[in-house]
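Here are the chains, one letter per residue:
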Amino acid sequence: MTSNKKKELFYEIYNENCDSIMRLCYMYLKDNELAQDATQETFLKAYRKLNSFKALSSYNTWLTSIAINTCKNIIRNSKHKQTEISLSDVEHHVSYTNTDSDKMLSVSKAVSVIPQEFKEVILLKYYRDLPIKDISKILKIPQTTVNYRLLKAKSLLKDILKEDFFDE
């Protein structure tokens, strides 16, 4: 691939995916600066590896995989602590309509406190809107494990959010 073609393709991929990758990194890391760093690192890695992209998946899935691994490395390397998510941060990074902001904040906080393996599948399925088979490829786990983790994550979230959303 020529240098100009590579740049053109990269800019197209970047423009189509930058906002959603940033939202994913923010929801994963819960820190604006770390999310910006992770997003930048994701696209740097993607640019460097663009010539070796084999088209076994979509660019979206490929970038998501790079972003998840980048976020995992940031958490591992920085001993990143779990932090509360503020309402203004949620409004800035998560687009939603016709949703009560208090409930959106409750859901975001609940997602932030569940174990990492369950948080990953929730973020990929509901924030990135990826199919199970793509989540399986990204996380390098069987589809049945993805389905189990989704069910378990929903159960955990239901328990956490019971007071906010469900009448007893």
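Above this text sits the structure in question.
Since the structure is predicted, the reported quantities are computational estimates derived from the model, not experimental observations. (Residues numbered from 1 in each chain as written. Predicted model: local features only at pLDDT ≥ 70, side-chain atom pairs only at ≥ 80, totals over all residues. Heavy atoms only, no water.)

Describing the nonpolar core
Burial of nonpolar side chains together is a common tendency in soluble globular proteins.
For step 1, the next point in the chain: Within the largest apolar cluster, 44 residues are counted, with the highest numbers of intra-cluster contacts made by L124 and L139.
For step 2, the next point in the chain: Those elements that provide at least two residues to this core are α1 (3–29), α2 (32–49), α3 (59–78), α5 (101–113), α6 (116–127), α7 (132–139) and α8 (143–165).
For step 3, the next point in the chain: Here the element with the most residues in this core is α1; it accounts for eleven residues. (Core = buried A, V, L, I, M, F, W, Y, C linked by side-chain atoms within 4.5 Å. Buried < 20%, exposed > 50% of the residue type's maximum accessible area, 1.4 Å probe, protein only. Helix = DSSP H or I, 4+ residues; strand = E, 2+ residues; numbered from the N terminus.)

Overview of α6
For step 1, the next point in the chain: By the burial criterion, the buried members of α6 are F118, K119, E120, V121, I122, L123 and L124.
For step 2, the next point in the chain: Immediately downstream of α6, the backbone of D129 shows phi near 60°, a positive value.

Topic: α2
For step 1, the next point in the chain: For α2, which comprises 18 residues, the first-to-last C-alpha distance of 26 Å matches the rise-based estimate of 26 Å (1.5 Å per residue) to within 8%.
For step 2, the next point in the chain: Regarding α2, the residues found buried are L34, A35, A38, T39, T42, F43, K45 and A46. In an axial view of α2, the angular spread of the buried residues amounts to 165°, which keeps them on one side of the axis. α2 presents E33, Q40 and R48 as exposed residues on the side facing more than 90 degrees away from its buried surface.
For step 3, the next point in the chain: Buried residues along α2 sit in contact with α1 and α3.
For step 4, the next point in the chain: The N-capping residue of α2, defined by a side-chain oxygen 3.1 Å from the backbone nitrogen of E33, is D31. (Expected span 1.5 Å × (residues − 1). Arc of directions from axis to C-beta. Contact = heavy atoms within 4.5 Å. Polar contact = N/O pair within 3.5 Å; in protein donor to acceptor, adjacent residues only side chain to side chain.)

Examining the environment of L29
For step 1, the next point in the chain: Residue placement: L29 occurs in helix α1.
For step 2, the next point in the chain: With 45 residues separating them along the chain, L29 and I74 place their C-alpha atoms 8.5 Å apart.

Observations concerning the pattern of salt bridges
For step 1, the next point in the chain: As enumerated under the stated definition, the model contains two salt bridges in all.
For step 2, the next point in the chain: For E120, the salt bridge goes to K72, with nearest N and O atoms at 3.1 Å. You can see E120 sitting in helix α6 and its partner K72 sitting in helix α3, a full 48 residues away along the chain.
For step 3, the next point in the chain: Residue class for E120 comes out buried when judged on its relative accessible area of 5%.
For step 4, the next point in the chain: Judged by relative accessible area, which is 27%, K72 ranks as partly exposed. (Salt bridge = Lys/Arg side-chain N within 4 Å of Asp/Glu carboxyl O.)

Some thoughts on the side chain of T61
For step 1, the next point in the chain: Take T61: it is sitting in helix α3.
For step 2, the next point in the chain: Ignoring anything within four residues of it in the chain, the contact list for T61 reads L130, D134 and I138.

Examining the packing of aromatic side chains
For step 1, the next point in the chain: In the structure shown here, the tally under the stated rule is eight aromatic pairs.
For step 2, the next point in the chain: Here Y14 and F43 contribute two aromatic rings whose centre-to-centre distance is 4.8 Å and whose plane-to-plane angle is 70°, an arrangement assigned as edge-to-face. Taken together, the residues span a long stretch of sequence, with Y14 in helix α1 and F43 in helix α2 at a distance of 29 residues.
For step 3, the next point in the chain: A relative accessible area of 32% means that Y14 is categorised as partly exposed.
For step 4, the next point in the chain: Members of the aromatic cluster, joined through ring pairs, are F10, Y11, Y14, F43 and Y47.
For step 5, the next point in the chain: It is K6 that lies over the ring of Y47; its NZ or CZ is 4.4 Å from the centre. (Phe/Tyr/Trp six-rings, centres within 6.5 Å; stacked < 30°, edge-to-face > 60°. Lys NZ or Arg CZ within 6 Å of the ring centre and 35° of its normal.)

Interpretation note: all reported values are geometric properties and have no functional meaning in isolation.
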